[in-house]
Amino acid sequence: MIERIQAILNGIPEVSAWKLTVSEKQSSQLFYVGKKLETNRASDTTDYVLTIYVDKDGSAKTRGSATFTVYAFMTDEELRGKIRDNVYAAGFAMNPWYDIPGPEDTVLPESASNIKDIGLKEAAEIVSDAVFKADAYADGSLSATEIFIDKTLLHIYNSKGVDLQSVSYGASIELIPSWEKDGEEVEVYQMLRFESIDPDEITRLTDEQLQIAAARFTAKPLSEVVDTAKPLKVILQDKEAGHVFGYFADDLDYSAKYQKANKFEPGDAVQGDNITGTPLTLRMVPYVKNAFNSAFFDSDGVILKETVLVQDGVAVNRKGSYRFGYYLGEKAPAGNLPILVVEPGTKSFREMAAEPYLRCQVFSGIQVEPNSGYFGGEVRLGYYFDGEKEIPVTGFSISGNMNVSRGTMVYSSETVTTNAYHGPKYLEIPDMKLA
Amino acid sequence: MYSEYLSSRHDLLKELVTRLGQRYSYASALGKHVTGKRVNVSTVSTAVSDTNESQCGFVVRVYDGGHYAEYSFSDITPATIDQLENDIVRELSLSSHLAEQHVGAEILRDEPLVKVFDRPMEGRELGVQELVEHMTALRDAVHAASAKVIQVAMMLEYYETSAVFISRNRDLSQHYSWCNMYGLAIARESSTVQSALASAASNSMEKTLSIMSGKTADLAKLAEDLLKAELIEPGIYDIITAPSITGLIAHEAFGHGVEMDMFVKHRARSRHYMNKPVASPLVNMHDGAAVRVPAEPSSEDYEACRNDNGYMTDPCIGYFFDDDGVLAHDTQIIKDGILVSGISDAVSAAELGTEPTGNGRRQDPSRKAYTRMTNTCFAPGKDKLEDMIASVKHGYMLFDTSNGMEDPKNWNIQCVASYGREIRDGRFTGKLVAPVVMSGYVPDLLMSISMVSDEWQIIGSGHCGKGYKEWVPVSDGGPYLKARCKLG
C-alpha cells in the first residue's frame, strides 16, 4: 500500500511535497460491570492519512495543503482520483510558503514496555487481576472498569526523506470506584495509563482511588466548614498543577506568536516584575519515564529535543509546529513537544501546612483559559486544613486569574509524573475565590 | 449518496454473520463509512482536510451465552474472509478464568427488518473554492466590524454517513448528512485578550453559511465587549439560561444521568427516581435521533421543528437506526417534572429487561457502543422572554456553552457558560461577566425552574464524550429557563 501511494504521488507533478502517516493499531479490551465481564473486544485496524502540498509561484511563493484519508481497498485509479481531487482543493487553501522537515541522522530508542513480551490478551488479564485484587472493601467497590491494552505502530514518511517509525505499547484503565453506606453513595473517576505493566503498582493505585471514593463519601459541603465568601489559600496537585503551567507553554507556542495572540516574548518576565512565589523554570521534553504521552517525534516528523521555554521566570524560547516555527524564522523548529517539565520549588508540603489551606484533589475538569487568564473549575473532593487536620470537603468551585496569580504561586519540593507533566506535585496559590 | 464501498462489502458481511451465527447464538456486523471535508479559513491560514468524522471500518458482535464480544477490522474481501473468521474466533476466545466472570447478559432481540433509509444533503453542494470564498468573506466581515478583533477563524465541516447493519434477521442500510460551522473572534486591548464563539449547523451548506453570515457582526461586538468582562462575584443568583445553556443543563447536568448503561453499572442516582419528581412541573425533556418536540399545536416552533416525515427539520443527529441496529426513537425523559424514562443502547436494555431506545452509538467501528445522547432538549413553555427578564431583581442571563462535565451518581453540576449579562431590577445593566461556572445539585436547579419561554432553539454543532473519551456529535437546546443557581 505504502509503495503504491508513493508511486502514484510521484506520477502527479502538481504535488510539490507530501507526508504519509500510517497507524497500525491492535488492541485487546475488557469491559466490566462490577466484577463481572460484560464485553471483551479485540481490534486490528490500519489507517493511512496523506497530506499533499501544492506550490504556486506568484508575486510571493505560496503553498496549499490538503489532508485526507486513503484506504487499502482503493484501486490505483481511485487513489489517483482522490489525490487529484485534493490537489484541486489545496489550490484554494494557499498560505505563505513553508518547508516541511527533512530527515535527521538519529537512532530512536525502542519501546521498553514489558507488554511486548507478555502479549495483548494476556496483559489484559494480568491487569484485570491486579485491579480487582484491590476491590476488597465492604462499603467500596469498582462500579465499572474498562481495560485497554494497545500496540501502535506509527510510521511517518515524507517527500524530503523522513522515514520514522515507532512501536508503542500502553495499558489504559478506566476506573469508577464507588462508596456506599446506609443508602448513600458516591463515585469518582480515574483513567490510569502505563507504558509497562506492574501488577503491584496497579493494585496500589486502584486501592488509592477506592480510598479517594471513601473520602468523598465522608466529605462535607465546603460551606459548612469555612466561610466561602473569603478568599483562601488553595493547593492544586498532580495533573491539575500541570494544566496551570500549560498556560505559559501555550503562550510560548509559535502559533500564538504568529497569530499575535501571545502575551510573552523571549526576554519577558512571564511572572511579572514582582515574584513573591517560586521563579518558574519550564522545559518541554520528548520523554520522561512513566509519562504516557512521551514521543520521540511529532506528527510532522520532527525529531524532538528538550527545549527550555522559561528560565528563572524569564521567557527564553518558543516551541511548536514546524510550519509556524518556519514562519517565525526558526532554523530548527522545536516541534510539538509532549511533556511539560517544571523545576520543583524548595517548600515541602509539610511547610505549606503551616497555615490553613484548601487542597483540591479531584476536579470534574479544571479550565485554564489562555486568552483571559481565567483558571478554575468544580472540585469534587478537596481537603480543608484548619491548622490541625485535613477535613474532606466537596460541592464547591475555585476561580482565579493567571494575571494575578502567576507571580505568587509557590511550587512544592515534592515532584510528580503524570501523562504529560513532570514537576511540583503541589502548587500553592494564595487568595483564590471560592463558590 | 450511499457508500459504494459498503455496497461492495454487503454480501461478504452477510456471509461473515452467517458463518459466525453457526458458532455463536447471536452475531451481527456494523459497517460505517463517513466522508466529507473540513475547511478552515483564519486570519493567518487556510486549510482543507477530510472531516474529523472521517471513518471507514467494521465491527462484529457475538454472544456466547453469558457476555458479548466484539472484533473491529478495516476491511473484508473474498480473499480474507476465512482468515478474518479465524482471527475473530481466536481473539474473542476467553481463558477459563475470564469466562467464569461473565455478567450473565440476556441475548439481544433480533426482530426481522429489511430497510433502506436516505436523507441527502439539502440544497446545492458547494465545492472547496466556493466554500473558501464564502468563508473568507465572513472572516473579513468580522474584522471589518471591529478594529479590536485581531484574529478570526471560520471552520466549516460537512459529512455524509453511510452505515450497514446485518444480523440473522435484520438488514438495514442508511445514508444521511450534516454541516457544522464555527466562527471564532479574538479581540485584544493592551494585554487583555478575549474570544467569542458563534456556531451554525443545518443539513445544507448554503443554509449553514447563511446562518453564520447573520452572526458575524454580533460575533465581533461580543469579542470586543468581553474585553471589559469581569469575574463574577461568587454567590447564588436568579439566572435566565439562553438555549445553549439550557441545552448544556439538559445534556450534562441531567442527560448523562439517564443513560441506562449507567443504571446497569449502578452509576446513576436517577435510577432511584423513576416515576418521581426531579424537576419543576413546568419541565419536559426529550432525547432521540427522531425527537419530536411537543409544544402548543399553534406554536410556530412546533411547525418549525418538523418536516413531512415527522422528524425535526434539521436533526443534527439524524440517523434512522443506531449502531446496534435499533431504529431511532423520540424518548420523553421528563414529563411535567416527573422522570418517566431513561435512554439506552441494546446491550444495556437486554441487561435491564427494558426496550432499547436507539441510543447505542460508537465513536467509530473500532470502539465499543455505549448509551449516548443524540438531540437532547427541554420542551418550550408559555412564558415570554421579556417577562422573564423583567422578573429578575438581581441575576444574570447566561450565554454560550464553554464546557460541562457529568456527575451521574452524585448529581453535582459542572457547567461553564462563556459569559453572562447582569440583570438588575428587570433590566440589563450592560455589565458582562466571563466565564461563569454554575455549580450545585442538579434536582435543586431543575426544581427551581420557575419560568419557561415559548422561544426555543436547538444547537446542533457539538460533541460529547463518555467520561473523557468516546466523542460523538450531539445537539442540545431548548427554551430560555428562569432558575436559581450558585455561580462562580
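Residue positions are given per chain, counting from 1 as you read along its sequence in written order. Whichever chain is written first is A, and whichever ligand is written first is 1; the rest continue in order. Local features in a predicted model are, by the rule used here, given only for residues with pLDDT of at least 70; side-chain atom pairs are given and counted only at 80 or more, and totals for whole chains, interfaces and linings are based on all residues.

Draft legend 1. Here's a closer look at the overall build of chain B. Along the backbone of chain B there are 12 helices and 21 strands. Two things to know: the radius of gyration comes from C-alpha atoms, and the globule rule equals 2.2 Å times the number of residues to the power 0.38. For 488 residues, the compact-globule estimate of 2.2 N^0.38 gives 23 Å, and the C-alpha radius of gyration of chain B, at 24 Å, lies within 12% of that figure. For chain B, the spread of C-alpha atoms along the principal axes amounts to about 70 × 55 × 45 Å. Counting other C-beta atoms within 10 Å of its own, a residue is labelled buried from 20 upward, exposed at 12 or fewer, and partly exposed in the gap between, with every C-beta atom placed from the backbone. Per-residue burial for chain B yields a buried fraction of 59% across its 488 residues. We call two residues in contact when their backbone-placed C-beta atoms lie within 7 Å. Nonlocal contacts in chain B, meaning residues at least 24 apart in sequence, comprise 74% of its contacts between residues at least 6 apart. Working definition: helices are DSSP H or I runs of at least four residues, strands are E runs of at least two. Numbering for both runs from the N terminus.

Draft legend 2. Molecular detail of the environment of Leu 309 of chain A. Residues and elements named next belong to chain A. Within the secondary structure layout, Leu 309 lies in strand S12 (residues 307–311). Residues Leu 309 and Leu 282 lie 27 residues apart in sequence; the distance between their C-alpha atoms is 5.7 Å. Residue contacts for Leu 309: discarding those within four places in its chain leaves Phe 248, Ala 249, Leu 252, Leu 282, Arg 283, Met 284, Ala 315, Val 316, Asn 317 and Lys 319.

Draft legend 3. Local environment of the packing of helix H4 (residues 128–145) of chain B against helix H6 (residues 216–226) of chain B. Residues and elements named next belong to chain B. Axis geometry follows a simple rule: fit a line to the C-alpha atoms, using only the stretch in contact for helices, then measure angles between N-to-C directions, giving values from 0 to 180 degrees. In the contact formed by H4 and H6, the axes pass within 8 Å of each other and the chain directions differ by 45°. Overall, the two elements H4 and H6 adopt an arrangement that is oblique. Judged by the sense of rotation from one axis to the other, the crossing of H4 with H6 is right-handed. Together, Leu 138, Ala 141, Val 142 and Ala 145 of H4 and Thr 216, Ala 217, Leu 219, Ala 220 and Lys 221 of H6 make up the contact between the two elements. When residue character is reported, Ala, Val, Leu, Ile, Met, Phe, Trp, Tyr, Cys and Pro are called nonpolar, Asp, Glu, Lys and Arg charged, and the others, Gly included, polar. Residue composition of the contact of H4 with H6, by class: seven nonpolar, one polar and one charged. The scheme is simple: roughly parallel for angles under 35 degrees, roughly antiparallel for over 145, roughly perpendicular for 65 to 115, oblique for anything else. Each crossing is labelled by how the near helix is turned from the far one, with a counterclockwise turn of less than a right angle marking it left-handed and a clockwise turn marking it right-handed.

Draft legend 4. Seen up close, the interface of chain A and chain B. Contact residues are listed per partner, giving 62 residues for chain A and 66 residues for chain B. It is strand S2 (residues 36–56) of chain A that contributes the most residues to the side of chain A that touches chain B, 11 residues altogether. Taken together, the residues of the side of chain A that touches chain B sort by class into 24 nonpolar, 23 polar and 15 charged.

Draft legend 5. Representation of the domain arrangement of chain B. Residue and element names in this part refer to chain B. The domain limits used here are those given by an automatic or database domain assignment. With domains assigned, chain B is organised as domain 1 (4–35 + 52–113), domain 2 (118–226) and domain 3 (235–487). Put simply, the middle of domain 1 and the middle of domain 2, counted by C-alpha atoms, are 37 Å apart. On the domain 2 side, the residues contacting the 21 residues of domain 1 number 14 residues. It is strand S1 (residues 26–42) that provides the largest number of residues to the side of domain 1 that touches domain 2, a total of nine residues. Grouping the constituent residues of the side of domain 1 that touches domain 2 by class yields nine nonpolar, seven polar and five charged.

Draft legend 6. Representation of unusual backbone geometry. The peptide bond linking Ala 434 of chain B to Pro 435 of chain B adopts the cis configuration, its omega dihedral lying at -20°. Turning to its location among the elements, Pro 435 of chain B is positioned in the loop between strand S18 (427–433) and strand S19 (436–441). Notably, Asp 431 of chain A is not glycine yet its phi reads approximately 55°, a positive angle. Its location among the elements puts Asp 431 of chain A in strand S23 (residues 426–434). The exposure class assigned to Asp 431 of chain A is partly exposed, which follows from the 13 C-beta atoms found within 10 Å.

Draft legend 7. Here's a closer look at the domain arrangement of chain A. Residues and elements named next belong to chain A. Looking at chain A, the domain boundaries give domain 1 (2–218) and domain 2 (232–434). For domain 1 and domain 2, the distance between their C-alpha centroids amounts to 25 Å. Contact residues are listed per partner, giving 24 residues for domain 1 and 19 residues for domain 2. Taken together, the elements giving at least two residues each to the side of domain 1 that touches domain 2 come down to strand S1 (17–33), strand S5 (140–158), strand S6 (163–181) and helix H5 (199–218). For the side of domain 1 that touches domain 2, the leading source of residues is H5, giving four residues. Each residue belonging to the side of domain 1 that touches domain 2 can be placed in one class, and the counts come to 12 nonpolar, six polar and six charged.

Draft legend 8. Expanded view of H5 of chain A. Given the number of residues in a helix, its expected span is that number minus one, multiplied by 1.5 Å. Over its 20 residues, H5 of chain A runs 29 Å from end to end, which matches the ideal 28 Å to within 8%, given 1.5 Å per residue. Among the residues of H5 of chain A, those classed as buried are Ile 202, Thr 206, Gln 209, Leu 210, Ile 212, Ala 213, Ala 214, Ala 215, Arg 216 and Phe 217 of chain A.

Draft legend 9. Geometry of the pairing of strand S9 (residues 235–241) of chain B. All names here are of chain B. Any two strands with at least two DSSP-identified bridges between them are counted as paired. The pairing of S9 with strand S21 (residues 469–487) spans seven bridges and is classified as antiparallel. Bridge pairing in S21 links Tyr 237 to Cys 485. Both S9 and strand S16 (residues 394–405) contribute to a ladder of four bridges, which runs parallel. Note that in S16 the partner of Thr 241 across the bridge is Leu 398.

Draft legend 10. Main features of the packing of helix H4 (residues 120–133) of chain A against H5 of chain A. Residues and elements named next belong to chain A. One way to put it is that H4 packs onto H5 with a least axis distance of 7 Å and a crossing angle of 40°. Here H5 runs oblique to H4, going by the angle between their axes. For the pair H4 and H5, the sense of crossing is right-handed. Along the contact surface, H4 presents Ile 126, Val 127, Ala 130, Val 131 and Lys 133, while H5 presents Pro 199, Ile 202, Thr 203 and Thr 206. Classifying every residue of the contact of H4 with H5 gives six nonpolar, two polar and one charged.

Draft legend 11. Quick peek at the nonpolar core. What we call a nonpolar core is a set of buried Ala, Val, Leu, Ile, Met, Phe, Trp, Tyr and Cys residues whose membership is set by joining through C-beta atoms within 7 Å. Grouped together as the largest cluster of nonpolar side chains are 263 residues, with contacts concentrated most on Val 127 of chain A together with Ala 185, Ala 223 and Val 436 of chain B. The leading source of residues in this core is strand S6 (residues 149–167) of chain B, at 11 residues.

Draft legend 12. Molecular detail of the environment of Ala 241 of chain A. Residue and element names in this part refer to chain A. By secondary structure assignment, the location of Ala 241 is in helix H6 (residues 239–251). Note on Ala 241: 26 C-beta atoms within 10 Å, which makes it buried. Between the alpha carbons of Ala 241 and Gly 423 there is a distance of 8.5 Å; along the sequence they are 182 residues apart. Ignoring anything within four residues of it in the chain, the contact list for Ala 241 reads Leu 236, Gly 423, Pro 424, Tyr 426 and Leu 427.

Draft legend 13. Up close: helix H1 (residues 4–23) of chain B. Residue and element names in this part refer to chain B. For H1, built from 20 residues, the straight-helix expectation of 28 Å at 1.5 Å per residue is met to within 8% by its first-to-last C-alpha distance of 30 Å. Think of it this way: the bend at a residue is just the angle between two axes, each fitted to seven residues, one set ending at that residue and the other starting at it. Along H1, the sharpest kink reaches roughly 40°, centred on His 10. For H1, every residue scored as buried is listed here: Arg 9, Leu 13, Leu 16, Val 17 and Leu 20. Residues of H1 that are buried in the fold lie against S1, strand S3 (55–63), helix H2 (81–92) and S6.

Draft legend 14. Main features of the sheet that holds strand S11 (residues 282–285) of chain A. Residue and element names in this part refer to chain A. Across the sheet, six strands lie side by side as S13-S12-S11-S14-S22-S21; this open sheet has mixed pairing. Both outer strands of the open sheet, strand S13 (314–315) and strand S21 (415–417), are each paired with one neighbouring strand and no more. For S11 and S12, the ladder comprises three bridges, and the chain directions are antiparallel. Residue pairing across strands places Met 284 opposite Thr 307, the latter belonging to S12. In the packing of H6 onto the sheet, the strands contacted are S11, S12, strand S14 (339–342) and strand S22 (421–424), and the crossing angle to S22 comes to about 100°.

Draft legend 15. Focus on the pairing of strand S7 (residues 170–189) of chain B. Residues and elements named next belong to chain B. In terms of burial, S7 is largely enclosed, as 14 of its 20 residues are buried. The pairing of strand S5 (residues 113–119) with S7 spans seven bridges and is classified as parallel. Looking across to S7, one finds that Val 114 is bridged to Asp 171. Where S6 folds back onto S7 in an antiparallel hairpin, the turn is made up of two residues. Relative to strand S8 (residues 192–202), S7 runs antiparallel, the two sharing 11 bridges. Bridge assignment links Ala 185 to a residue of S8, and that residue is Ala 196. Taking the residues between adjacent antiparallel strands as the criterion, S7 and S8 are bridged by two residues, where Ser 190 takes a positive phi near 55°.

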